[in-house]
Amino acid sequence: MSLFKMRKIRAFTLLFCIITFSTFLFSYTFPDPSLYFYKYASRWSDSLFSKGFCSCHHCMTEPDDDPWFTERFNQSVHPFMTTRNSVLSEETFRWWQWLQSERQPANYSQVVEKLFQVIPDEQLYMDANPERCRTCAVVGNSGNLKGAQYGGLIDSNNIIIRMNQAPISGFEEDVGSRTTHHVMYPESAIDLENNTSLVLIPFKTLDLQWIISALTTGTIKQTYLPVMSRIKANKYRVIIYNPTFFKYIYDTWLESHGRYPSTGFLSLMIALHICDEVSVFGFGADQFGNWHHYWEENHLGGAFRHTGVHDGDYEYNVTLLLADKHKIKLFKGV
Ligand code: C5P
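A few points on the structure. (Residues numbered from 1 in each chain as written. Predicted model: local features only at pLDDT ≥ 70, side-chain atom pairs only at ≥ 80, totals over all residues. Heavy atoms only, no water.)

1. Let's talk about the overall build of the chain
Turning to step 1, where the next piece is worked out: Within the chain, the secondary structure is distributed over eleven helices and seven strands.
Turning to step 2, where the next piece is worked out: Considering the chain as a whole, with its 334 residues, one finds that 46% of them fall into the buried category.
Turning to step 3, where the next piece is worked out: For the chain, restricting intrachain contacts to residue pairs at least 6 apart in sequence, the fraction spanning at least 24 positions comes to 63%.
Turning to step 4, where the next piece is worked out: When the accessible surface of the chain is summed, it comes to about 17900 Å², and 56% of that surface belongs to carbon and sulfur atoms. (Helix = DSSP H or I, 4+ residues; strand = E, 2+ residues; numbered from the N terminus. Buried < 20%, exposed > 50% of the residue type's maximum accessible area, 1.4 Å probe, protein only. Contact = heavy atoms within 4.5 Å. Areas by Shrake-Rupley, 256 points an atom, 1.4 Å probe, with all protein chains shown as cover.)

Structure (structure tokens):
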């Protein structure tokens, strides 16, 4: 055999060995190269197009690989009541009636029928889609808002949810000046602007009768406390918190801690289920550990944490977890 032929065979053998070895190495490291390509290409396009579940930077509804969140987040339970979802299961009805132990409740379905003759019967906000970017601010009443200067940030959201007795006037720099939704129950009610939606949390059948009355005849003046007999609110913008959603929040998110969730936690859960991005303000103690309201001088007042009805610590821990998992942005104030 000539020297030239011998060199050729050796070169071929070497090349063959290199190809075999590198093919083995590549398939061992990346079992399916097309998968590898897909994984990185899709990661790149995801970050460019926000995964297509909404048009915000983050989308609440995008599939999540965090089991804690996915086990809890249920989009099939709607936050607001309509005639269609107003029929309660026996278990929910019993639980709901137990909340404030109403002695002689009126007929629930008759009251609901009357209610939707006064306020709109619409399914609202369940319209997540790739074009939607709904940003929401949930503004609790904590004293940690005082001096926080969040006004501009809060007002820049599409939906701004406030609650109970929260005033704005005189506090605009810290808490903002717009309110799209005000969450309340009869005993915590205040008058609203015409363009603000009143979100009523009913704890009993009488609360549904109260809103009918407060918007019409003004006959109900007392529940377990004296209440406003009439309320200044746009009746075309009145929304009722769905008791089934209320129970889902208590069972699933609070795992039955406390007697029932606080207004703040119930409001946060509205935002989680109707918004794409959620920013949370005014929750928790201030820097000195006080649990007062931002409009109160007395740091010992507004003892939200000590009502005995809510488990403030548990609620706050869930809120912190949501923030850790980047589901909400939590602004802790001062
Ligand atoms: O006191 P109030 O219930 O009106 O406050 C509304 C909500 O704000 C509470 O339900 C609670 O979630 C939140 N809050 C808080 N820390 C405070 C005061 C209120 O987290 N110091």
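2. Describing the side chain of Thr 179
Turning to step 1, where the next piece is worked out: Assignment of secondary structure puts Thr 179 in the loop between helix 7 (172-175) and strand 3 (181-184).
Turning to step 2, where the next piece is worked out: For Thr 179, a relative accessible area of 15% gives the class buried.
Turning to step 3, where the next piece is worked out: Of note is the side chain of Thr 179, whose polar atom sits 2.9 Å from the side chain of Arg 162.
Turning to step 4, where the next piece is worked out: Excluding residues within four positions of it along the chain, Thr 179 makes contact with Ile 160, Arg 162, Ile 168, Asn 195 and Thr 196. (Polar contact = N/O pair within 3.5 Å; in protein donor to acceptor, adjacent residues only side chain to side chain.)

3. Examining the layout of surface pockets
Turning to step 1, where the next piece is worked out: Space inside the second largest pocket adds up to approximately 480 Å³.
Turning to step 2, where the next piece is worked out: Surrounding the second largest pocket, 19 residues form its lining, His 58, Glu 62, Asp 64, His 326 and Lys 327 being those nearest its centre.
Turning to step 3, where the next piece is worked out: A per-element tally of the lining of the second largest pocket places strand 6 (residues 277-281) first, with three residues.
Turning to step 4, where the next piece is worked out: Considered class by class, the residues forming the lining of the second largest pocket number seven nonpolar, three polar and nine charged. (1 Å grid on protein atoms, 1.4 Å probe; cavity = no way out; pocket = protein on both sides within 12 Å on 5 of 7 lines; lining within 4 Å. Points joined across faces, edges and corners; volume = space filled by probe spheres on them. Nonpolar A, V, L, I, M, F, W, Y, C, P; charged D, E, K, R; others polar.)

4. Some thoughts on empty space enclosed by the protein
Gaps left between atoms are located by rolling a probe of water-molecule size over the structure's atoms.
Turning to step 1, where the next piece is worked out: Scanning the model with the defined rule gives one cavity of 30 Å³ or more in all.
Turning to step 2, where the next piece is worked out: Here the largest cavity defines a volume of roughly 30 Å³.
Turning to step 3, where the next piece is worked out: Every residue along the wall of the largest cavity is listed here: Phe 80, Ile 161, His 181, Val 183, Val 199, Ile 270 and Ile 274.
Turning to step 4, where the next piece is worked out: Grouping the amino acids of the lining of the largest cavity by side-chain chemistry returns six nonpolar, one polar and no charged.

5. Thoughts on the site of the ligand
Turning to step 1, where the next piece is worked out: Near the ligand lie 15 residues; those nearest to it are Asn 164, Gly 264, Gly 284, Trp 291 and His 293.
Turning to step 2, where the next piece is worked out: At 3.0 Å from an oxygen atom of the ligand is found a side-chain nitrogen or oxygen belonging to Asn 141.
Turning to step 3, where the next piece is worked out: Residue Trp 291 places a main-chain N or O atom 3.0 Å away from a nitrogen atom belonging to the ligand.
Turning to step 4, where the next piece is worked out: Within the complex, 92% of the 440 Å² of free accessible area of the ligand lies under protein.
Turning to step 5, where the next piece is worked out: Residue classes in the shell around the ligand are distributed as four nonpolar, eleven polar and no charged. (Near = heavy atom within 4 Å.)

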